[in-house]
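# Examining the three-dimensional arrangement
One-letter residues, chain by chain:
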Amino acid sequence: MSAFDAADNESDQSAAVPAITLDPSQVVHTLRLQGTAQSADAFLFENNPSTNYGASNYVSTIDHFLVRFDLAALPTNCRIVSARAAFYVWAQSNYQPNQYLDIFRVTRAWTEDAVTWNNASTGVVWTTPGGDRAERVGRILQLSGSANWDHVFYPPVDLRLLVQKWAAGTVPNNGLLMIHSSLTGIGLKASEYGTGSAPYLEITYTEEDTPALYELWMHGPFTDAQFADPAGEATTWGRSADPDGDGAINLFEYSLGTDPNAAGDELAGALRCAGAGDDTLDLTFGRRTGATGVAYSLERSYDLASWSVVPAAERSESVVAAGEMEDVVWQVQAAAGQPRAFYRLRLTAQ
Ligand SMILES: [Ca+2]
Ligand SMILES: [Ca+2]
Ligand SMILES: [Ca+2]
């Protein structure tokens, strides 16, 4: 390729550019879900607990608001790159500072034309009136000023992790519950109002495999009731919590494939040792395939007092894939002049 300047002088030819073959699985797709064909929603009012507002296209002041987007077009096995939900406010009254709209994951199925404050569907009551929910997945800080908070979409809420769980079937897609916990009055529009102001969920994704995220794994050992307790993030289900008190935080239990609800399991024996030949040692451990958010390193000591990291260049690695977990073998050579050596595995949260 060459270029020409204004005087029509031609530049030197550039070097040939090799053709790039794009992996089809890495192509980013966009899915925008909005309106009555792609979502269902309903307002819930504590003062009218038996009235269905599934067909209402707006309300002047919300109490609770349910919305569920139809994810049928999303592949089960995919990687969510981004997912953002937005809601249209058309009025604000009695503004007070430090007020939020909190958004939760809904844990019970509901039907748009029958859901009320008391009932999820016809003849089925919520366990918690106003909607059964687990963890909060987002919140919107209310700001004053009609320029930003009247006839406009709120800033979008990041729902990437939740949509990844819905896509993979980790948790069922029962939608979102917005709770108006504030003193500020908010008027909101629903899917029936038209696509210019209906709530929307915009997803970008690739057809790569579902990633091995802690946030997906945690729905195995922990329950919705536990996720519903915000304090549980520090004590029960969060990455840094250690509910079984065995010294391994949940992130490390996830990383090693151990049980976060059982102390005294295989953590102490995570690193298995076998002689592989003269002066050669095989150190084996189980690692979650594709684990993210954690780094694994090997440490060595000659006296059990002073430890140092074994540089990656001083160990060879071989991996035997086995589904969700893989066996990793780090082979090390005996250190010259040392009658004995001790090894330990170190996990570091990132
Ligand atoms: Ca509706
Ligand atoms: Ca633990
Ligand atoms: Ca454990």
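Thresholds applied
Residues numbered from 1 in each chain as written. Chains lettered and ligands numbered in written order. Predicted model: local features only at pLDDT ≥ 70, side-chain atom pairs only at ≥ 80, totals over all residues. Helix = DSSP H or I, 4+ residues; strand = E, 2+ residues; numbered from the N terminus. Buried ≥ 20, exposed ≤ 12 C-beta atoms within 10 Å, placed from the backbone. Contact = placed C-beta atoms within 7 Å. Pairing = 2+ DSSP bridges. Axes fitted to C-alpha atoms, helices over the stretch in contact; angles between N-to-C directions. Core = buried A, V, L, I, M, F, W, Y, C linked by C-beta atoms within 7 Å. Domains from an automatic or database assignment.

Here the focus is the overall build of the chain. Each helix and strand in the chain was counted, giving six helices and 22 strands. For the chain, the spread of C-alpha atoms along the three principal axes comes to 80 × 75 × 35 Å. Of all 350 residues assigned to the chain, the portion counted as buried reaches 28%. Taking the intrachain contacts of the chain between residues at least 6 apart in sequence as the baseline, contacts between residues at least 24 apart amount to 73%.

A separate point is the sheet that holds strand E4 (residues 64-69). The strand order E2-E4-E13-E7-E10 describes an open sheet built from five strands, whose pairing is antiparallel. Every interior strand has two partners, whereas the edge strands, strand E2 (39-44) and strand E10 (133-141), have only one. On average, each strand axis in the sheet is inclined to that of its neighbour by 20°, with strand direction left out of account. By the bridge criterion, four bridges tie E4 to strand E13 (residues 176-180) in an arrangement that is antiparallel.

This part takes up the sheet that holds strand E17 (residues 280-288). Strand order in the open sheet formed by four strands is E16-E17-E21-E20, and the pairing between neighbours is antiparallel. Where the open sheet ends on each side, the last strands, each with one partner, are strand E16 (272-277) and strand E20 (315-322). Adjacent strand axes in the sheet meet at a mean angle of 25°, parallel and antiparallel pairs treated alike. Of the strand pairs in this sheet, E20 and strand E21 (residues 325-333) are connected by eight bridges, and their pairing is antiparallel. Its bridge partner being in E21, Val 320 is matched across the sheet by Asp 327.

In a soluble, globular protein the nonpolar side chains are often hidden away together inside. Grouped together as the largest cluster of nonpolar side chains are 63 residues, with contacts concentrated most on Leu 66, Phe 104, Val 163 and Leu 176. No other element matches helix H2 (residues 160-168), which puts five residues into this core. Structurally, this core is a two-domain feature, drawing no fewer than three residues from each of domain 1 (24-206) and domain 2 (214-256). Filtering out sequence-adjacent residues up to four positions away, Leu 66 remains in contact with Asp 41, Ala 42, Leu 44, Val 106, Trp 110, Val 115, Gly 131, Gly 175 and Leu 177.

Secondary-structure assignment places Ile 62 in the loop between strand E3 (58-59) and E4. Overall, Ile 62 belongs to the buried group, with 22 C-beta atoms counted inside 10 Å. Taking the C-alpha atoms as reference points, Ile 62 and Ala 85, separated by 23 residues in sequence, lie 18 Å from one another. Those residues in contact with Ile 62 that lie beyond four places of it in its chain are Phe 43, His 180, Ile 186 and Leu 188.

Another point: the domain arrangement of the chain. For the chain, the assigned domains are domain 1 (24-206), domain 2 (214-256) and domain 3 (272-349). Of note, the centres of domain 1 and domain 3, computed from C-alpha atoms alone, are 47 Å apart.

Glancing now at the environment of Tyr 302. Assignment of secondary structure puts Tyr 302 in the loop between strand E18 (294-301) and strand E19 (307-309). Tyr 302 sits 283 residues away from Ala 19 along the chain, and the two C-alpha atoms are 52 Å apart. For Tyr 302, the contacting residues outside a window of four places in its chain are Gln 338, Arg 340 and Ala 341.

On to unusual backbone geometry. One non-glycine residue, Asn 94, adopts positive backbone phi at about 55°. Within the fold, Asn 94 resides in the loop between strand E6 (88-93) and strand E7 (100-106). By C-beta crowding, Asn 94 is classed as exposed, having 11 other C-beta atoms within 10 Å. A positive phi angle is found at His 151, which is not glycine, with a value near 55°.

Below, the discussion takes up the pairing of E16. Little of E16 is tucked away: zero of the six residues are buried. Note: E16 against E17, five bridges, orientation antiparallel. Paired with Gly 277 across the strands is Thr 280, a residue of E17. Linking two consecutive strands that pair antiparallel, namely E16 and E17, is a turn of two residues; a positive phi of about 60° is found at Asp 279 within it.

Turning next to the pairing of strand E14 (residues 185-189). Relative to E14, E3 runs antiparallel, the two sharing two bridges. By the bridge assignment for E14, Tyr 58 is matched with Lys 189. As judged from the four bridges shared by E6 and E14, these two strands associate in the antiparallel manner. Within E14, the residue paired with Ala 91 across the bridge is Gly 187.

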